[in-house]
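Coordinates in review
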Amino acid sequence: MGLRSFSAALAVALPLATATPALADTTGSRTASDLTASPAACALPGRTGWTDEGHDTDHAQFQPSVGTRHVLMLFVDFPDAPATGELADYHRQLAPAADWLKEDSYGRTRLDITPLNHWLHMPQDSASYGFQRGITFEQHEQYVRQAVAAAEPYTDLSRYDMLYIVPTKTASAISFSPTYLYDPTTPGIVAGGKRLKWAVTYGQDMYHWGPKVAAHETSHTFGLPDLYAFSGTDYHRYVGGWDLMGLISGPAPQHLGWERWKLGWIDDDQVACLPSSGRRTVHLYAVERPGGTKIAVIRTGETTAYVAESRRALGGDAGACSTGVLIYKVDSAAQTGEGPLQVVNGNPNAGVPDGCKPIDLAAFGPGQSFTDPATGVRIDIGRRGPLTDTITVARR
């Protein structure tokens, strides 16, 4: 995340009527009933002036989320933490983020990560930069500026869209991995005649999260907010492990379908929209696979909506924690860390298998329903196929 809010890595530091049955769509194709309303009527405007879940992303402040992004990886050490280990090992720790984002975006986002195979020597001790919850934007920008100055004799930084700055493992004071998002009202950092707008400065948490921290932090440069809570004791009460912007180590940390739509990874014609009162049947195709109708959106206000999507466990240790119809509330006026997305728990009294949290079992199954009397929203879960769910959505 940017320094106007907490870093994703701080999650480490903190005490961590029934639908009428329809034929299952196993090909991912869409039916006419899925496509009867304009998706634009369900797109919500952002209201925070920063990272949020609105569709009107400021692409002067945030970088494009579709296409190839050229990333330069820098390796830095410090007077109090000299370089140790092979540069290739540091690169391998984060490089798989490129494959992760390529799969999550259905091939629409590609990271071209180029390592500068040279240790760069920072002029200050690692402990002097303030990598803690109180780190300021100015401190962070100074850290990035010094890394850029050390790298300029060795490469043309203007050829790259963003930087990954990786410290030596001995720099224990560089504890977490905030994202640098430039401030257009200040002179900022210029390298090779080009304004440096985006960088991720990695810390010790990269050895816990691995490449997922790179995917999370890079997503902030696309305009996505943090989905874990900045207050209270249950920091993952909003989305748990259902989204990479929440609990990175959860059983199904992807990007929710709403965010994939915001980022341009899901097309408008893959969105079933109910912008006002009415009722419709939607055949959802699993977000883990390309194609098909991905999300059903029921708009409830100027900046609010409910979203339903089909989720499937596709191997690994996700198991029963991540299968079914996931329903969540969107509030594009909510600040990062204050629950802009909140998953509805469809099974609050279920037993929790080992490795799962209660919210990880939130997905709804056939025969279940969700209602919100305050907004008049009802979602009924119908037939399930191997990669599909048929639902009926309605609003009074």
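A quick note: this is a predicted structure, and the numbers were derived from the prediction, not measured.

Let's shift gears to helix H6 (residues 211-221). Taking burial as the measure, the 11 residues of H6 include 9 buried ones, the bulk of the element. Along H6, the residues classified as buried are Val213, Ala214, Ala215, His216, Glu217, Thr218, Ser219, His220 and Thr221. Backbone geometry just after H6 places Gly223 at a positive phi near 105°.

With that settled, consider the sheet that holds strand S14 (residues 369-372). Sheet architecture is open: 4 strands sit in the order S9-S16-S15-S14, paired in antiparallel fashion. Both edges of this open sheet fall to strand S9 (278-285) and S14, since each of them pairs with a single strand only. On average, adjacent strands in this sheet sit at an angle of 15° to one another, irrespective of strand direction. Bridge analysis of strand S15 (residues 377-384) against strand S16 (residues 388-395) gives 6 bridges, and the strand direction is antiparallel. What sits directly across from Arg384, in S16, is Asp389.

Read across the open sheet, the 5 strands follow the order S2-S1-S3-S7-S4; overall the sheet is mixed. The open sheet is flanked by strand S2 (109-121) and strand S4 (179-181), the only strands paired with a single partner. Across the sheet, the mean angle separating the axes of adjacent strands is 20° when strand polarity is ignored. Relative to strand S3 (residues 162-167), strand S1 (residues 67-77) runs parallel, the two sharing 6 bridges. Paired with Leu72 across the bridge in S3 is Leu163.

Let's shift gears to the side chain of Thr303. Examined against the element boundaries, Thr303 turns out to sit in the loop between strand S10 (295-299) and strand S11 (304-311). In this structure, Thr303 is in contact with Leu44, Pro45, Arg47, Val330, Asp331, Ser332 and Ala333, ignoring residues within four places of it in sequence.

Another point: the packing of helix H3 (residues 97-104) against H6. Packed helices, taken two at a time, are described by the angle their axes make and the gap between the axes. Direction vectors running N to C along H3 and H6 enclose 55°, while the axes themselves pass 8 Å from each other. By the angle class used here, H3 and H6 are oblique. For the pair H3 and H6, the sense of crossing is right-handed. Residues Ala97, Trp100 and Leu101 of H3 touch H6, and the partners they reach there are Pro211, Lys212, Ala214, Ala215, Thr218 and Ser219. Residue composition of the contact of H3 with H6, by class: 6 nonpolar, 2 polar and 1 charged.

Another point: the confidence of the model for the protein. Averaged over all residues, the pLDDT of the protein is 89; the fraction at 70 or higher stands at 88%. Counting contacts from residues 4-27, a segment whose pLDDT is below 50, to residues more than four positions away or on other chains yields 64 contacts. Low pLDDT (under 50) marks residues 31-35, which in the prediction has 14 contacts with non-local residues, meaning those over four places away or in another chain.

Conventions and cut-offs
Residues numbered from 1 in each chain as written. Predicted model: local features only at pLDDT ≥ 70, side-chain atom pairs only at ≥ 80, totals over all residues. Heavy atoms only, no water. Buried < 20%, exposed > 50% of the residue type's maximum accessible area, 1.4 Å probe, protein only. Helix = DSSP H or I, 4+ residues; strand = E, 2+ residues; numbered from the N terminus. Pairing = 2+ DSSP bridges. Axes fitted to C-alpha atoms, helices over the stretch in contact; angles between N-to-C directions. Contact = heavy atoms within 4.5 Å. Parallel < 35°, antiparallel > 145°, perpendicular 65-115°, else oblique. Left-handed = near helix turned anticlockwise from the far one by under 90°. Nonpolar A, V, L, I, M, F, W, Y, C, P; charged D, E, K, R; others polar. pLDDT = per-residue confidence, 0-100.

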